[in-house]
Amino acid sequence: MPILENLWIIPLLPLLGSAINGLFGAKWSKPVVNSIALGSTGVSFLCAVEAVREFLAGGSQPFRKEFFDWIVAGSFRAGFDLQLDQLTVVMLLVVTGVGFLIHIYSTGYMAHEGGYYRFFSYLNLFMFFMLILVLAANYVLLFVGWEGVGLCSYLLIGFYFLRKSAADAGKKAFIVNRIGDFGFMLGMFLLFRTFHSLDFATVFDAASKPEVAVEPMGQFGILTVACLLLFVGAIGKSAQLPLYVWLPDAMEGPTPVSALIHAATMVTAGVYMVARSHVLFTHAPTAMYVVAIVGCATAFFAATIGLVQSDIKKVLAYSTVSQLGYMFLACGVGAFGAGIFHLMTHAFFKALLFLSAGSVIHAMGGEQDMWNMGGLSKKIKATFVCMLFGTIAIAGFPPFAAFFSKDAILFAAYNYENGGKVLYGVGLLAAVLTSFYMFRLIWLTFFGEKRYDEHHVHVHESPGSMTGPLMILAFLSLTGGWFALPALFGGKDYFAEFLSPVFGAGEAGGGEAAQSMEHILSIVAVVAATAGLLVAWQMYSKNVKRGTSEGVHKLLYNKYYVDELYAAAVVRPLVWLSTNVLWKVVDAGMIDGTVNGVADGAAAVGDTVRHTQSGNTRSYAVWVVVGAIVVLGIVFWPILHPAVFGGVR
Amino acid sequence: MVPTNYYLILSAILFGLGVLAFVFKRNVITIFMAIELMLNAVNLAFVAFSRALGKSDGEVFVLFVIIVAAAEAAVGLGIIILTARNRRSLNVERVDLLKL
Amino acid sequence: MTASVIIFFVLAALAVLASVSLILQRHPIHSALSLIVVMVALAGLYLLMGAEFVAAVQIIVYGGAVMVLFVFVIMLLNAGEEERTNFSKLATFGGIPLALALSGMIAAGIARSSSQLATSPATAEGAISSTRQLSMLLFKDFVYPFELTSFLILIAILGAIVLAQREN
């Protein structure tokens, strides 16, 4: 049947898988749970491919269908509307494809863990919400998906909920996300107030009209404020400064979770949202400037922290934050296509890196500290090769994927008119650091003397269910960038061309001078990556041992003490406020006081009125007379009241 | 000609005196007599209005009031006899079994 | 100052004085006798207003039946002088203001109400209600309440008999 007409199938299948596994999976055996989880995701992927095929066959016309009305209030309508255009195609294929691979990997990784069915139920639920987010045709439905993935993130981070650190990390992720969501909601309200609708089609059409002026730099018009508020949401979801603190802690979750949610898909939702709203952002240069600066700063900041971490997953977490910064830098300087391109290549190599790290951890029997590894390259060859592929990719060596995407971003930054050179410089520096810390990881983990005790740790290669996806992802990390070969290599930028109906044709660089500059910058990027590799080789390939941590090293190792700063500046005052004001004064004092007060008041009234029942007949007689006076007063009031108030006789 | 207002004022005064007796007297029979006084005051007002309006309807109502008052007196005095035998006193303040 | 007005004031003064005496007397039998005086005075006032039948009924029923019943009961129960108990502070201090408020309110209402009522001419004395006219009203327009009141009296009789029975 035509999938495009029934787009709802694509998110529905994982939802069904989640529900079935969640309700009945506890009693079933692992193969049954596997088949349901993998089956739903796999079929969903096939449906996605089919939908893309239909889309392309139909001339790549943007497709939108309203399925049912969800909210109808006066003139406002938010429906369950799904759409498919070129941007959606990219996101859809990445989410379903990489998601499916990670599902396969998880069957091997989680084979010995408890709560197996629960894991897959949550994972499928996550797929459902992410697909809703990507397919949504209005901000409200996107927000539903947004919140849903946040929920699944919480559930999966805290998967080992008996560990306090895991439960705390889940809470931290959800709460920090919430702060971002608050900004997102305010942005949505502002958009609704301005455009009276939250459908993408309506809003973007209204904003593209010629009479809607581009707001000048430095001025905070309505669109600028709305875009900044939306970006606050993206900061929370995509872990940028200052709301990145949840992502490193999220490594408490199982490694497939880190790969899927915190590398490939959920954290990119912010980038997707900004790219989707590019019509609004291009009308608000101030907002784009802020996006670029935040992205660039985050890229550098996170890279510095990643330099000295000892937990293999933490290095990758900070690397994710840093790469997300690159994507936002791209969007900020106007190269939305490049940002999405980097999103796609990042999904490939970051998922690969995380899954390889998972494989290493699995091989080491749960050890995550790199200082307790070493010399693994001969023992776990397949994992080593895959991880090497991923590292070369992320460092930006051609012809691997990230070279093309990072190159496009840095080139666009260089050409940006408001301090683009500075942004370029910082971005380049961050690239050097990226290369350095990734190769440090490789040398510490796979080379040198083994720093672990062979008798306690039996290093073994991972099963095929784990290495299979690794190899597929390694292949994609190598070839994924070939969609956008710059002219240097004689190719066409297929990717930008594909996305140009969405983003406009301004992506392609023009002119000879620009092209030669691009060549120069590419070479500079490769040199920078090589520099990082050489320094890491120098420092870490020989026999090393862990040193003491002082000075700058200590500052970086403790993540600039940002968590402590937040705890003191934000968390402690809030907890104090909650305890002493909201609890003691408002809840116990006012609310309980009112409720108890009403009860006490009723008792007091009763206590007073009881005296009328004195048991003495003469006082009853008095009350009878009082009653008679009241009734007579009511009857005589029309005649009397002019008299009472001194009216005319 | 006696203006109607005079009768009405007299009725009001008698009614007020009836209320005073109702509240202040302690003998239950005297209280009952005060009720009769109040009914009489009201009768006076009825007849006065009947005279002022020229219709006899007021007097008919007076007849009914007298009938009802008579029936009420009969039954009420029966109750008073029983209560007085029970409490061995005609003081209304002695009927205080509901007092705490 | 016509004769009517003088007679009115005399009868009114008599009624008021008798009522005051009802309050001030200590023995209930004296209160009963004062009440009889009030009733007679009121009968006189009815005659003054020209309502002869009502005056007659007043004396016969009220004075002759109801008050006799009261006197019988007082004597039956051997009522003595009132005890001087005073358990209700509310009644002691609230009584006079309440009575004043009540009668004041009625008086004010009377005074404020339409003045045409105040000095409306009665039809010629004696002509407002011949007994015939009254009976026409009673047995034609008000026959239903009339029959009901006979029913009411029947119930009262039954009630009085049941109450006065001795325990067997």
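A quick note: this is a predicted structure, and the numbers were derived from the prediction, not measured.

S.K.: Looking at this structure, how should I read the overall build of chain B?
M.R.: Along its length, chain B carries three helices and zero strands. Over its C-alpha trace chain B gives a radius of gyration of 17 Å, far above what one expects of a compact globule, namely 13 Å for 100 residues. Along the first, second and third principal axes, the C-alpha atoms of chain B reach 55 × 25 × 20 Å. Counting every position in chain B, which comprises 100 residues, the buried fraction comes to 59%.

S.K.: Honestly, the confidence of the model for chain B in this entry has me stumped. Any pointers?
M.R.: As a general rule, the predicted coordinates of low-pLDDT regions are not to be interpreted in detail. Model confidence for chain B is summarised by a mean pLDDT of 90, while 99% of its residues fall at 70 or above. Across the assembled chains, the prediction reports ipTM 0.92 with pTM 0.72.

S.K.: Would you take a moment to explain the interface of chain A and chain B for this structure?
M.R.: When the parts of a complex come together, some accessible area is lost, and that lost area is often used as the size of the interface. Taken residue by residue, the interface counts eight residues in chain A and ten residues in chain B. Residues of the side of chain A that touches chain B, tallied by class, amount to three nonpolar, four polar and one charged.

S.K.: Got a minute to help me understand the pairing of strand β1 (residues 63-73) of chain A in this structure?
M.R.: In the case of a regular strand, side chains alternate between the two sheet surfaces. Residue and element names in this part refer to chain A. Relative to strand β2 (residues 76-84), β1 runs antiparallel, the two sharing nine bridges. Looking across to β2, one finds that V72 is bridged to R77. A loop of two residues connects β1 with β2, the two strands running antiparallel in sequence, and G74 in this loop sits at a positive phi of about 65 degrees.

S.K.: What is the right way to read helix α7 (residues 200-208) of chain A from this model?
M.R.: Residues lying three or four places apart along an α-helix face the same way, a consequence of the helix completing one turn every 3.6 residues. Restricting attention to buried positions, one finds in α7(A) the residues A:F200, A:V203 and A:A207. Taken around the axis of α7(A), the buried residues stretch over an arc of 80 degrees, which confines them to a single face.

S.K.: Please explain the packing of helix α15 (residues 336-363) of chain A against helix α19 (residues 464-479) of chain A as it appears in this structure.
M.R.: The relative placement of two packed helices is expressed as an angle between their axes plus a distance between the axes. Residues and elements named next belong to chain A. Put simply, α15 and α19 touch, their axes get as near as 9 Å, and they point 150 degrees apart. One way to sum up the angle between α15 and α19 is to call them roughly antiparallel. The chirality of how α15 crosses α19 is left-handed. Contact residues: F348, F349, A351, L352, L355, S356 and S359 in α15; M466, P469, L470, L473, A474, L476 and S477 in α19. Grouping the constituent residues of the contact of α15 with α19 by class yields eleven nonpolar, three polar and no charged.

S.K.: Where do I start with unusual backbone geometry in this structure?
M.R.: Across residues other than glycine, the phi torsion is negative in most instances, and most of the peptide bonds are trans. Residue and element names in this part refer to chain A. With an omega of -10 degrees, the peptide bond running from L241 to P242 counts as cis. Despite not being glycine, Y560 shows a phi value in the positive range, around 55 degrees. With respect to the element layout, Y560 can be found in the loop between α22 (551-557) and α23 (562-609). In this structure Y560 comes out as partly exposed when scored by C-beta crowding, with 13 C-beta atoms within 10 Å.

What counts, and at which threshold
Residues numbered from 1 in each chain as written. Chains lettered and ligands numbered in written order. Predicted model: local features only at pLDDT ≥ 70, side-chain atom pairs only at ≥ 80, totals over all residues. Helix = DSSP H or I, 4+ residues; strand = E, 2+ residues; numbered from the N terminus. Rg over C-alpha atoms; globule rule 2.2 N^0.38 Å. Buried ≥ 20, exposed ≤ 12 C-beta atoms within 10 Å, placed from the backbone. pLDDT = per-residue confidence, 0-100. Contact = placed C-beta atoms within 7 Å. Nonpolar A, V, L, I, M, F, W, Y, C, P; charged D, E, K, R; others polar. Pairing = 2+ DSSP bridges. Arc of directions from axis to C-beta. Axes fitted to C-alpha atoms, helices over the stretch in contact; angles between N-to-C directions. Parallel < 35°, antiparallel > 145°, perpendicular 65-115°, else oblique. Left-handed = near helix turned anticlockwise from the far one by under 90°.

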